[in-house]
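# Observations on the three-dimensional arrangement
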Amino acid sequence: MTTRNQTISFLRRRLAEVGVRLKTQRGQNFLTDLNLLRLLVQTANLSPNDVVLEVGTGTGALTALVAERVAAVVTVEIDPQLYQLASEELIDFDNVTMLQQDALQSKHTLDPVMLATIAERLAEAPERRFKLVANLPYSVATPLIANLLAAPIVPETMTITIQRELAERIVAQPGTKDYGALSVWVQSQCEGQLVRLMPPEAFWPRPKVTSAIVHLRLDPARRAKIVDPDFFHTVTRTLFLHRRKSLRAGLLSGWPQSLDGPALDKPAVDALLAQLGIEPSVRAEQLDVPTFLRLSEAMARMRG
């Protein structure tokens, strides 16, 4: 089954049988290149102790490949017809839990039912580990990655297919056009690798963009350096909203008097940057991750 059910002919036939009309806004593009599908699973380095989250079950092809190797899979599909189709394809796997819902409760919040289900599977044995393996729908990739890194349970690894543009943003270095808040947020906690680019013809229907397999590995030592993750995330996102301004101007624009805590007025900002040895004229996109960490910690102390 795992080598048959992602061919284009299979997809056309099965989707027609259940009356599925693919919705472009949901990024429903099936990975039909079986070599790339296997590469995705191999890169995840799965073991019998793993609990895997998959977002975007589709027809269940990736789900089946993963389920053969791990303790449990929690797979999420928002489309009710695809959920029904995958339920039929995965009927023989008793270690697969299917959820018919959105993985996101809101743009900044993961669905609590999904999180509770993952926690239940992890609690079934003390040695279990949490991983994400998914051909992510383009529409949810960015908020899902960002929110998982702020979740109560963080995946040890994330092995995903995403748009090339997003992959390049995740691994981008300071001073480049792709470097942004997501780059800082991910790199402050993970080692990242762009494993393989994937052409549009590897999918059906063909997307208009190139995709990539990305592997992220959580680094507990990096994560431990973030004193207040929520505030750190807020600082990076806010400063990159003003990425064309100098850092001094960005700080003054980002924290006016109307927000909670004391305002960062000009003397306070100048003193803060002088204390940290940061040139006021630099832009946020020029700061590396350690500098963002020092800046957010100093701001937190200043604002109480």
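For the structure itself, consult the block above.
A brief structural summary. (Residues numbered from 1 in each chain as written. Predicted model: local features only at pLDDT ≥ 70, side-chain atom pairs only at ≥ 80, totals over all residues. Heavy atoms only, no water.)

Below, the discussion takes up the overall build of the protein chain. The number of helices and strands found in the protein chain is 13 helices and eleven strands. In terms of overall size, the protein chain behaves like a compact globule, its C-alpha atoms giving a radius of gyration of 21 Å where 304 residues would be expected to give roughly 19 Å. Seen through its principal axes, the protein chain has C-alpha atoms that stretch 65 × 45 × 30 Å. Of the contacts made within the protein chain by residues no fewer than 6 positions apart, 67% connect residues no fewer than 24 positions apart. (Helix = DSSP H or I, 4+ residues; strand = E, 2+ residues; numbered from the N terminus. Rg over C-alpha atoms; globule rule 2.2 N^0.38 Å. Contact = heavy atoms within 4.5 Å.)

Where helix α1 (residues 8-18) contacts helix α4 (residues 80-89), the two axes come as close as 10 Å, and the packing angle between them is 115 degrees. Both α1 and α4 take part in a crossing whose hand is right-handed. Contacts from Phe10, Arg14, Leu15 and Val18 in α1 reach Gln81, Leu82, Leu85, Glu88 and Glu89 in α4. Considered class by class, the residues forming the contact of α1 with α4 number five nonpolar, one polar and three charged. (Axes fitted to C-alpha atoms, helices over the stretch in contact; angles between N-to-C directions. Left-handed = near helix turned anticlockwise from the far one by under 90°. Nonpolar A, V, L, I, M, F, W, Y, C, P; charged D, E, K, R; others polar.)

When you line up the elements, Arg128 lands in the loop between α5 (112-123) and β7 (129-135). The spacing of Arg128 and Asn49 is 79 residues in sequence and 4.8 Å in space, taken between C-alpha atoms. Not counting residues within four places of it along the chain, the set of residues in contact with Arg128 comprises Asn49, Val51, Ala71, Ala72, Arg121 and Leu122.

Bridge count for strand β3 (residues 72-77) against strand β4 (residues 96-100) is five bridges, and the pairing is parallel. If you follow Val74 over to β4, its bridge partner there is Thr97. Chirality of the crossover, the property in question, places the unit of β3, α4 and β4 among those that are right-handed. (Pairing = 2+ DSSP bridges. Right-handed = clockwise from strand over helix to strand, strands pointing away.)

Time to look at the packing of helix α12 (residues 266-276) against helix α13 (residues 289-302). A pair of packed helices is captured by two measures, namely the crossing angle of their axes and the spacing between those axes. One way to put it is that α12 packs onto α13 with a least axis distance of 11 Å and a crossing angle of 135 degrees. Accordingly, the angle class assigned to the pair α12 and α13 is oblique. Crossing of α12 over α13 shows right-handed handedness. For the pair α12 and α13, the contacting residues are Ala268, Leu272, Leu273, Gln275 and Leu276 in the first and Arg294, Leu295, Ala298, Met299, Arg301 and Met302 in the second. (Parallel < 35°, antiparallel > 145°, perpendicular 65-115°, else oblique.)

Relative to the 16 Å expected for twelve residues at 1.5 Å per residue, α5 spans 16 Å between its end C-alpha atoms, a close match to the ideal helical length. Along α5, the positions that sit buried rather than exposed are Met114, Leu115, Thr117, Ile118, Arg121 and Leu122. All buried residues of α5 fall inside an arc of 160 degrees around its axis, so they share one side. Among the structural elements, β2 (50-55), β3, β4, β6 (109-110) and β7 are those in contact with the buried residues of α5. For α5, the N-terminal cap is Asp111; the gap from its side-chain oxygen to the backbone nitrogen of Val113 is 2.9 Å. (Expected span 1.5 Å × (residues − 1). Buried < 20%, exposed > 50% of the residue type's maximum accessible area, 1.4 Å probe, protein only. Arc of directions from axis to C-beta. Polar contact = N/O pair within 3.5 Å; in protein donor to acceptor, adjacent residues only side chain to side chain.)

A separate point is the pattern of salt bridges. Taken as a whole, this structure holds 17 salt bridges when the rule is applied. One salt bridge connects Arg164 with Glu168, and the closest N-O pair in it is separated by 2.9 Å. Highlighted residues: Arg164 and Glu168, both in helix α7 (residues 164-171), separated by four residues, approximately one helical turn. On the basis of relative accessible area, Glu168 is assigned to the partly exposed category, the value being 26%. In this structure, Arg244 engages Glu285 in a salt bridge whose closest nitrogen and oxygen atoms are separated by 3.7 Å. In this pair, Arg244 is assigned in the loop between α10 (229-241) and α11 (247-254) and Glu285 in the loop between α12 and α13, connecting sequence segments 41 residues apart. (Salt bridge = Lys/Arg side-chain N within 4 Å of Asp/Glu carboxyl O.)

What follows is about the nonpolar core. One broad rule of soluble globular proteins: the nonpolar side chains tend to lie buried together. Counting 68 residues, the largest nonpolar core has Leu53 and Leu251 as the members making the most contacts within it. Considering every element that reaches this core, the biggest residue donor is α13, with six residues. If we skip the residues at most four places from it in the chain, Leu251 touches Leu239, Leu264, Val269, Leu272, Leu273 and Met299. Counting residues in hydrophobic clusters, the runner-up holds 27 residues, among them Val73, Ala202, Phe203 and Ile213. (Core = buried A, V, L, I, M, F, W, Y, C linked by side-chain atoms within 4.5 Å.)

Turning our eyes to something else, we now look at the sheet that holds β7. The strand order across the open sheet formed by seven strands is β4-β3-β2-β7-β8-β11-β9, and the pairing between neighbours is mixed. Edge positions in the sheet fall to β4 and β9 (190-198), since each has one partner strand and no second. If you compare each strand with its neighbour and ignore which way they point, the axes differ by 20 degrees on average. Relative to strand β11 (residues 211-218), strand β8 (residues 157-163) is paired through seven bridges, and the arrangement is antiparallel.

Read these as geometric descriptors, not functional statements.
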